[in-house]
Each structure stands twice: as C-alpha cells, then as structure tokens.
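One letter stands for each residue in the lines below.
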Amino acid sequence: MSGPGVISDADYCARLVRELDRDRYVADLFAPAGRRGALFALHAFNVEVARVREAITNPMAGEVRLQWWSEALIGGARGDVRANPVAAALLDAIETYRLPRETFFALLDARIFDLYDDPMPTVNDLEGYAGETSSALIRLATLILSGEAGRASAEAAGHAGVAYAVMGLLRAFPIHARRGQCYVPLDLLKRHGLTREDAVSGPASPGLRAALAEMRVLARRHYEAAIEALGDVDAVELPAFLPLTLVPGDLARMERPHDPFVAVPATSAFSRLWRLWRGARTLRKATEAD
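Within any chain, residue numbers begin from 1 and follow the written order of that chain's sequence. In keeping with the predicted nature of the model, local features appear solely for residues at pLDDT of at least 70, side-chain atom pairs appear and are counted solely at 80 or more, and the whole-chain, interface and lining totals rest on all residues. Only heavy atoms go into the side-chain values, all of them from the structure, while hydrogens and water stay out.

**Let's talk about the overall build of the chain**
Inference 1: Helix numbers and strand numbers start at the N terminus; a helix is a DSSP run of H or I with at least 4 residues, a strand a run of E with at least 2. The number of helices and strands found in the chain is 14 helices and zero strands.
Inference 2: Along the chain direction, N to C, the helices and strands of the chain fall in the order α-α-α-α-α-α-α-α-α-α-α-α-α-α.
Inference 3: For a compact globule of 290 residues, the expected C-alpha radius of gyration is about 19 Å, and the chain comes in at 19 Å, within 12% of that figure.
Inference 4: Expressed as lengths along the three principal axes of its C-alpha atoms, the size of the chain is roughly 55 × 50 × 35 Å.
Inference 5: Going through the 290 residues of the chain one by one, you find that 50% of them count as buried.
Inference 6: Once local pairs closer than 6 in sequence are excluded, the contacts in the chain between residues at least 24 apart make up 71%.
Inference 7: Surface exposure of the chain reaches about 13600 Å², of which carbon and sulfur atoms provide 53%.
Inference 8: Of the charged side chains in the chain, 34 are positive and 37 negative, and the gap between their average positions amounts to 6 Å. Each radius of gyration is computed over the set of C-alpha atoms, and the globule rule expresses the reference value as 2.2 Å times the number of residues to the power 0.38. The classification of residues rests on relative accessible area computed with a 1.4 Å probe and restricted to protein chains. Under 20% of the type maximum is buried, over 50% is exposed, and intermediate values are partly exposed. Contacts are residue-level and defined by heavy atoms, with any inter-residue pair within 4.5 Å sufficient. Residue exposure ignores everything except the shown protein chains as possible cover, and the areas themselves are Shrake-Rupley values with a 1.4 Å probe. Charge counting treats Lys and Arg as positive and Asp and Glu as negative, with His and both chain ends excluded. Charged side chains are reduced to one point each, which is NZ for Lys, CZ for Arg, CG for Asp and CD for Glu.

**Side note on the packing of aromatic side chains**
Inference 1: Between the rings of Phe, Tyr and Trp (Trp by its six-membered ring), a pair exists once the centres lie within 6.5 Å; its type follows the angle of the planes, with under 30 degrees stacked, over 60 edge-to-face, and the other angles tilted. Per the stated rule, a full pass over the model turns up nine aromatic pairs.
Inference 2: Ring plane angle 65 degrees and centroid distance 5.5 Å describe the contact between Phe-113 and Tyr-183, whose orientation is recorded as edge-to-face. With a gap of 70 residues between them, Phe-113 in the loop between helix H6 (101–111) and helix H7 (123–146) and Tyr-183 in the loop between helix H9 (173–179) and helix H10 (186–191) connect regions that are remote in the sequence.
Inference 3: Among the aromatic side chains, those forming a connected cluster through ring pairs are Phe-45, Trp-68, Trp-69 and Phe-104.
Inference 4: Over the face of the ring belonging to Tyr-25 we find Arg-18, whose NZ or CZ atom lies 5.9 Å from the ring centre. Two conditions define a charge located above a ring, namely a distance within 6 Å from the ring centre to NZ of Lys or CZ of Arg, and an angle within 35 degrees of the ring normal.

**Points about the pattern of salt bridges**
Inference 1: Just to be clear on terms, a salt bridge is a Lys or Arg side-chain nitrogen sitting within 4 Å of an Asp or Glu carboxyl oxygen. If you walk through the whole model with that rule in mind, you get 16 salt bridges.
Inference 2: Where Arg-82 meets Asp-92, a salt bridge forms, and the shortest distance between an N and an O atom there is 3.0 Å. With a gap of 10 residues between them, Arg-82 in the loop between helix H4 (59–74) and helix H5 (85–97) and Asp-92 in helix H5 connect regions that are remote in the sequence.
Inference 3: Within the structure, one salt-bridge network assembled from shared partners comprises Asp-23, Arg-171, Asp-250, Arg-253, Arg-272 and Arg-275.

**Focus: the packing of helix H1 (residues 9–20) against helix H3 (residues 33–50)**
Packed helix pairs are specified by the crossing angle of their axes together with the interaxial distance, meaning the distance between the axes.
Inference 1: Geometry is summarised by axes, namely lines fitted to C-alpha atoms with helices restricted to the contacting stretch, and by angles between N-to-C directions that run from 0 to 180 degrees. Relative orientation of the contacting elements H1 and H3 amounts to 55 degrees, with a least axis distance of 8 Å. Classified by the angle their axes make, H1 and H3 are oblique. In the packing of H1 onto H3, the handedness of the crossing is left-handed. On the side of H1, the interface is formed by Cys-13, Ala-14, Leu-16, Val-17 and Leu-20, while H3 contributes Phe-40, Ala-41, His-43, Ala-44, Val-47 and Glu-48.
Inference 2: Split by residue class, the contact of H1 with H3 holds nine nonpolar, one polar and one charged. Any angle that falls under 35 degrees is termed roughly parallel, while one over 145 is termed roughly antiparallel, one within 65 to 115 roughly perpendicular, and all others oblique. Handedness of a crossing follows from how the near helix is turned relative to the far one, being left-handed for an anticlockwise turn of less than a right angle and right-handed for a clockwise one. Side-chain classes are defined by residue name, with Ala, Val, Leu, Ile, Met, Phe, Trp, Tyr, Cys and Pro counting as nonpolar, Asp, Glu, Lys and Arg as charged, and the others, Gly among them, as polar.

**So, the packing of H3 against H6**
Inference 1: Taken N-terminus to C-terminus, the directions of H3 and H6 make an angle of 25 degrees; their axes are 10 Å apart at the nearest point. By the angle between their directions, the pair H3 and H6 is classed as roughly parallel. Here H3 runs over H6; the crossing is right-handed. Between H3, through Leu-42, Phe-45, Asn-46, Val-49 and Ala-50, and H6, the contact on the second element is made entirely by Phe-104, Leu-107, Leu-108 and Arg-111.

Just distances and angles here, no functional claims.
Next comes the structure, spelled out in structure tokens:
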C-alpha cells in the first residue's frame, strides 16, 4: 500500500499491535529493525483472531471468521485476501521466513474454544490451549528472528507460552466471568468443591480463591521452567521471550488480597515499559549463565 494518506501494511500492523497488544509491541522493538515488520504482522494476526468473540453476535459467525483466516493461509479465501493489510503482511512473513502454516491452523482451531462458554475440562487441556496459542506465537517469532530456531527454544517457548497465557487469563478473569466464560479447569474447580457456575458468577469463596491460587502456581512453575530452558537459547531469539518477564510481577500483584471478580488495577505504561527493559537484561543473563 502506498500513496498520500495511506499507510503500508507493515505500519498498519505495527499500529494495531501498539494499540491492542502493547507488551508484544514493545518486545518487538528489541528485535533487529529488519525483522520487526514480520513480528508485527504475526502479532497483528494474533490480535485479530484473539478478539473475534468481541466482534460477533453468535459463535457460528466467529467460526466463519476463523475459517476465513484458514482459507487465506492456503489461498482459498474469497476476494482479494491481500486487501486485508494484516493478511497481506502475514503472508509475506510466512513466505519470507518459511513459517509452518500448520502451526497457524492449530492456533486457529484452538481459538474456536474462545467462541463458546464451554468450561476448560482439565489443567492438561489448559496447557494444550496455551501451547497452541501463546507458545506457538513465541515459537513462530523465534523462527523469524533466527531463521531456524534451535530445539532448545522449542522447550523454552512451550513453558513461556503457558506461563504468559495463564497469567493473562488470570488478569482477564473478571471479564471472562461477566461473559460466562470459564478458563479455570473443571478438575481444579472440583478439587475445591466448585462448579463452573461458581467460577463465573461467584461468590468469591475461599474455594475459588484457592483455585485461582493454583492457577498462579501453575503459571509460576512454567515461568521457572522457561527461564531454566533459556540457558540453551540463542540470544538473537530473546525478543520473542521478552513478555515472559512480566509474569512474576503480575502474579505478585494478583496475590494481594482483592475481589477476584474485580479487575486488579493496571500498572502504568511507563512501569510496564521499565519492567520489559529490565526483563531484556534478565533474559540475556539467563543465556550467558549457561
């Protein structure tokens, strides 16, 4: 795209990520300039599919939108796919860096869960969902950054994605509860004598607080495993993992006494930027320590 008043596909993606996924936008700025456009395209795609539920009136309409993305990736979508700036930029990134399309298809399949109010069955299911969404994004980002990311980064991405995703779900718990969505696994709820309805409508019982505490333990366990695995990861891939460094601070804030059905006040943009800058140093030390 070019011309007066018209922004490029890459700039459109960067603006979208900056407005709706600030953590990943800042992390992408730590990448080499020549790779940022592809990273913005990847994360703009994630913004688009992650917010499908907010833009639909029924789940079937959401499935149609996700199916459009699947068809766009294989060249079967109707109309000019490249008229969509995110799709155009993403297809360029896929072709340039030979990103595996099957990873995108798995991510889109996992996102179907977001469209419905079905409860997350088990902790293993939650980890699988996080792996196919959040972990997959990290893995794809490492491929953009290094061309052929090593096996070590696959293990680190798996743990990092689960830690970041679970932390994000905990932050969004009040929003999901109001919608009737339940990402707290049923097996975990049952262990504390709770039902799905308890998790979406209250009250904020000791059992619910204990279940959410277990979610925080899960996130922290994966965070620690990711940090350990990063010792074998090439430093060039670190920007893909940078949002992981926000996990400990966010978990600590959520551990303070509060009503789980009320959102914990967000930290300032400057504070988050500062934490990401410090996080970059933390990750670099993790790779150097090995």
